[in-house]
Amino acid sequence: MAVMIGVDPHKASHTTAAIDENEVTLGELRVRSAAGQVDRLLAWAVVFAERTWAVEGAGGLGYLLAQQLVAAGERVVDVQPKLAARVRLLATGNSNKNDPNDARSVAIAALRSPNLIEVVAEDHAAVMKVWAKRHRDLGRHRTRMACRLHAVLCELIPGGIAGEITAAQAARLLEEDIEPQGAVEAARYELALEFVEDLRRIDAQMRDTKKRIAAVVVASKTSTTELFGVGPIVAATVIGDVGDVSRFESRDHFAAYNGTAPIEVSSGPRKIYRLSRRGNRRINHAIHMAAVTQIRFRHSDGRTYYDRKIAEGKTGKEAIRALKRRISDALYSRLQQDARRAANAKGTGPGGQTGNDSVASVTGSHPEHRLFGQATPGPDATLRHNATSNRPKKAAPPARRVRKAS
């Protein structure tokens, strides 16, 4: 008999509920979050020969427990908290909010949902996710620190500093242009100096994090950085959040996941599509950064695509949305290509299919590598030289162009 074991994870404890195919509760258990938590759970579940663990939020609060169960050879699926909450809301029996009912709702949601993601042991993509998150956190912290420094400088200098501020600029200003008068100004002056030191420390941490991200991206041997505008930060963000690209059936599913596919809001005979605010906003932001980079360099094919959309009557926002969708399709193609190459290297790919690593074999008539050109981590001397010249020699011939976006 197949048994589904729902797990409601918490910081201090985990509650489980086992149900059969008819949603009949077979047993419940609550264990403390401790070193022996997996041993206790496995000893309790040994009576269920054919079992599956459904962990609520296996990528969040239930991450460690889910990974420990996978390492022990158990089959684990990830249940999103919203899905379990809907089951609890529609339940006709024990609908009270408590841990056993939550665990049972998780089990029911896993039992009745056909497309749950199976948890697997983490690989190199998890390393990129860790450092990409570290870079985002440092960026937010730097923004807060710069705002505080701006506020203090406005109290010392009329008008403060216009535009973005750097630690060197603020230190030079404090040293040359400010002579504190009185105890209040001296206190603000000292506070500004501390903010400058904090800003310098954060900048050093960000530089170190960027080096780490670049190293792990190179070690992953990903081909996403070959796309124009996709540097190590963007690649680490996308790969870290995507994980296993095989969970997306097509590039349309991937676009819906990252929010670059429009949402249909039709009614009656009218067919209307609007901007999607759904999806993974981190990946959407990374794709936006790649699109902005392509538009910034006039020699890029992405800028040519953007200008063509403007000439067709699209607004600037509509044109950049279309470009973001093209970048999403190109990223999906590269991720599939990398996954196929990794599978072939491990000997798990389809046998007898040589040449499977080509982009054309993945995307058919969509050679994104010709659409977006080479990677551009920054405006170095080569790019400045190319920006003042004609198209790069590696540009695609007109016959190989991607079809216009609908």
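Residues numbered from 1 in each chain as written. Predicted model: local features only at pLDDT ≥ 70, side-chain atom pairs only at ≥ 80, totals over all residues. Heavy atoms only, no water.

## Details of the overall build of the protein chain
Next, step 1: Looking only at helices and strands, one finds 15 helices and eight strands in the protein chain.
Next, step 2: For the protein chain, the proportion of its 406 residues judged to be buried stands at 42%.
Next, step 3: Sequence separation of at least 24 residues holds for 62% of the intrachain contacts in the protein chain that already meet a minimum separation of 6.
Next, step 4: Roughly 22,600 Å² of accessible area belongs to the protein chain as shown, and the carbon and sulfur atoms make up 52% of that amount. (Helix = DSSP H or I, 4+ residues; strand = E, 2+ residues; numbered from the N terminus. Buried < 20%, exposed > 50% of the residue type's maximum accessible area, 1.4 Å probe, protein only. Contact = heavy atoms within 4.5 Å. Areas by Shrake-Rupley, 256 points an atom, 1.4 Å probe, with all protein chains shown as cover.)

## Here's the deal with the nonpolar core
Next, step 1: Judged by nonpolar contacts, the single largest core of 34 residues is most densely connected at V238, V242 and L331.
Next, step 2: Put simply, the parts of the chain that give this core at least two residues each are α5 (124-156), α7 (182-220), α8 (232-242), α10 (281-296), α11 (301-311) and α12 (316-346).
Next, step 3: By residue number, the principal contributor to this core is α12, which donates nine residues.
Next, step 4: Other than its neighbours up to four places away in sequence, V238 contacts I283, A286, L331 and L335.
Next, step 5: Counting 23 residues, the second largest nonpolar core, distinct from the first, contains L138, I161, A167 and Y189. (Core = buried A, V, L, I, M, F, W, Y, C linked by side-chain atoms within 4.5 Å.)

## Describing helix α6 (residues 167-176)
Next, step 1: Among all positions of α6, only A167, A170, A171, L173 and L174 are buried. Here the buried residues of α6 occupy an arc of 160° about the axis, which is enough to place them on one side. Every exposed residue of α6 that faces more than 90 degrees away from the buried side is listed here: E175 and E176.
Next, step 2: Looking at the packing, one finds that the buried side of α6 touches α5 and α7. (Arc of directions from axis to C-beta.)

## Structural notes on a positive patch on the surface
Next, step 1: Together, R274, R277, R278, R281, K317 and R321 give the surface a local cluster of positive charge.
Next, step 2: Locating R321 in the fold gives a position in helix α12.
Next, step 3: By relative accessible area, R321 is classed as partly exposed at 36%. (Patch = residues over 30% accessible without salt bridge, like charges linked within 9 Å, V, L, I, M, F, W, Y side chains within 5 Å. Salt bridge = Lys/Arg side-chain N within 4 Å of Asp/Glu carboxyl O. Lys, Arg positive; Asp, Glu negative; His and termini not counted. Charge placed at Lys NZ, Arg CZ, Asp CG, Glu CD.)

## As for the pattern of salt bridges
Next, step 1: Following the criterion strictly, the structure yields 20 salt bridges and no others.
Next, step 2: Between E312 and K309 there is a salt bridge, with its nearest N and O atoms 3.5 Å apart.
Next, step 3: Look at E312 and you get partly exposed, because its relative accessible area is 38%.
Next, step 4: Between D329 and R326 there is a salt bridge; the shortest N-O distance is 3.9 Å. A residue pair is termed a helical-turn pair when its members lie 3 or 4 positions apart in one helix, as D329 and R326 do in helix α12 at three residues. For the pair formed by D329 and R326, the shared burial category is buried.

## Notes on the sheet that holds strand β5 (residues 76-79)
Next, step 1: Pairing is mixed in the open sheet, where six strands are placed in the order β3-β2-β1-β4-β5-β6. Either end of the sheet is taken by a strand with one partner, and the two such strands are β3 (25-32) and β6 (117-118).
Next, step 2: One ladder, built from six bridges, connects strand β1 (residues 2-9) with strand β2 (residues 13-19); its direction is antiparallel. The residue bridging D8 from the neighbouring strand is T15, located in β2.
Next, step 3: On the sheet, helix α1 (residues 37-45) packs against β1, β2, β3 and β4 (50-56) and is oriented at approximately 160° with respect to β3. (Pairing = 2+ DSSP bridges. Axes fitted to C-alpha atoms, helices over the stretch in contact; angles between N-to-C directions.)

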